[in-house]
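Close look at the chain arrangement
Single-letter residue listing:
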Amino acid sequence: MATPLPDGTFVIVHSRWNDAVVQPMLAAARATLAAAGVAVDAVEVVEVPGAWELPLAAAHLADREEVVALVALGCVVRGDTRHFEHVADECARGLMTVQLTSGVPVANGVLAVERYEDAQARAGGALGNKGEEAALAALAMARLVAGFAR
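Residues numbered from 1 in each chain as written. Predicted model: local features only at pLDDT ≥ 70, side-chain atom pairs only at ≥ 80, totals over all residues. Heavy atoms only, no water.

1. Quick word on the overall build of the protein
When helices and strands are tallied, the protein shows 5 helices and 6 strands. In sequence order, the secondary structure elements of the protein are arranged as β-α-β-α-β-α-β-α-β-β-α. Computed over the C-alpha atoms, the radius of gyration of the protein is 15 Å, within 12% of the 15 Å expected from 2.2 N^0.38 for a compact globule of 150 residues. Each principal axis of the C-alpha atoms in the protein carries an extent, and together these give about 50 × 30 × 25 Å. A burial count over the protein gives 44% of its 150 residues as buried. Residue pairs at least 24 apart in sequence account for 79% of intrachain contacts in the protein once pairs closer than 6 positions are excluded. Counting every atom, the protein has about 7900 Å² of accessible surface; 56% of that belongs to carbon and sulfur. One finds the centroid of the 11 positive side-chain charges in the protein at a distance of 4 Å from the centroid of its 18 negative side-chain charges. (Helix = DSSP H or I, 4+ residues; strand = E, 2+ residues; numbered from the N terminus. Rg over C-alpha atoms; globule rule 2.2 N^0.38 Å. Buried < 20%, exposed > 50% of the residue type's maximum accessible area, 1.4 Å probe, protein only. Contact = heavy atoms within 4.5 Å. Areas by Shrake-Rupley, 256 points an atom, 1.4 Å probe, with all protein chains shown as cover. Lys, Arg positive; Asp, Glu negative; His and termini not counted. Charge placed at Lys NZ, Arg CZ, Asp CG, Glu CD.)

Structure below.
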């Protein structure tokens, strides 16, 4: 028998940057949570400007007692400067720090890709949908962490 979902809120925090890639991931994450039995009113969606801002928003959201898991969604595409490395690496590090310090699972659905086409392939294209994958990870970890608390 599968561990039941914990009572509480699942938060999807997503970036506005690269919206054409992020919106299909957001839709897939919402659909995945709904298919798993998470009520619509138990899902909160928060938008931030870009991937750089995701960890700060996640940290504040993880501090809320009712939050059982977060799904972070965004997309960083390599450009002609090192900006890509700074944003992608520090976003991932920040999200990991949030989950380790708060104890609230944070699923990293932030794409870090070489080309925009690579992102499209992972946002409902030929390589699946990272939003769905991140939501599934959040569900699994929320159940796991809830089991630790018993």
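This is not the end of the story, as more comes after the structure.
2. Description of the layout of surface pockets
Size it by volume and the largest pocket reaches roughly 240 Å³. As for the largest pocket, its lining consists of 16 residues, and the residues nearest its centre are Trp17, Cys75, Val76, His83 and Val87. Those elements that place two or more of their residues in the lining of the largest pocket are strand 3 (67-77) and helix 3 (83-102). A breakdown of the residues in the lining of the largest pocket according to their chemical character gives 8 nonpolar, 6 polar and 2 charged. (1 Å grid on protein atoms, 1.4 Å probe; cavity = no way out; pocket = protein on both sides within 12 Å on 5 of 7 lines; lining within 4 Å. Points joined across faces, edges and corners; volume = space filled by probe spheres on them. Nonpolar A, V, L, I, M, F, W, Y, C, P; charged D, E, K, R; others polar.)

3. Section: the packing of helix 1 (residues 19-35) against helix 5 (residues 130-148)
Contact geometry of helix 1 with helix 5 gives a least axis separation of 7 Å together with a crossing angle of 35°. As helix 1 runs across helix 5, the sense of the crossing is right-handed. Across the interface between the two elements, Met25, Ala28, Ala29, Thr32 and Leu33 from helix 1 touch Lys130, Gly131, Glu132, Ala135, Leu136 and Leu139 from helix 5. Residue composition of the contact of helix 1 with helix 5, grouped by class: 7 nonpolar, 2 polar and 2 charged. (Axes fitted to C-alpha atoms, helices over the stretch in contact; angles between N-to-C directions. Left-handed = near helix turned anticlockwise from the far one by under 90°.)

4. Observations regarding the environment of Arg78
With respect to the helices and strands, Arg78 occurs in the loop between strand 3 and helix 3. For Arg78, the contacting residues outside a window of four places in its chain are Phe84, Glu85, Val113 and Glu114. Separated by 2.8 Å, the side chains of Arg78 and Glu114 make a polar contact. (Polar contact = N/O pair within 3.5 Å; in protein donor to acceptor, adjacent residues only side chain to side chain.)

5. Points about the pairing of strand 2 (residues 43-48)
Here strand 1 (residues 9-15) runs beside strand 2; their pairing, made up of 6 bridges, is parallel. Residue pairing for strand 2: Ile12 is matched across the bridge by Val45. (Pairing = 2+ DSSP bridges.)

6. Points about the state of the cysteines
As enumerated under the stated definition, the model contains 0 disulfides in all. Free cysteine: Cys75, not disulfide-bonded; nearest cysteine sulfur from Cys91 at 11 Å. (Disulfide = S-S within 2.5 Å.)

7. Here's the deal with the side chain of Asn18
Note on placement: Asn18 falls in the loop between strand 1 and helix 1. The buried category is assigned to Asn18, whose relative accessible area is 19%. Within the structure, Asn18 has its side chain in polar contact with the backbone oxygen of Cys75 (distance 2.8 Å). When neighbours within four sequence positions are excluded, Asn18 is seen to be in contact with Cys75, Val76, Val77 and Tyr116.

8. Quick notes on the sheet that holds strand 2
If you trace the 4 strands from one edge of the open sheet to the other, you get 2-1-3-4, paired in parallel fashion. The open sheet has two edge strands with one neighbour each: strand 2 and strand 4 (106-113). When the angles between neighbouring strand axes are averaged without regard to direction, this sheet yields 15°. Contacts from helix 3 reach strand 3 and strand 4 within the one sheet, and its direction differs from that of strand 4 by about 170°.

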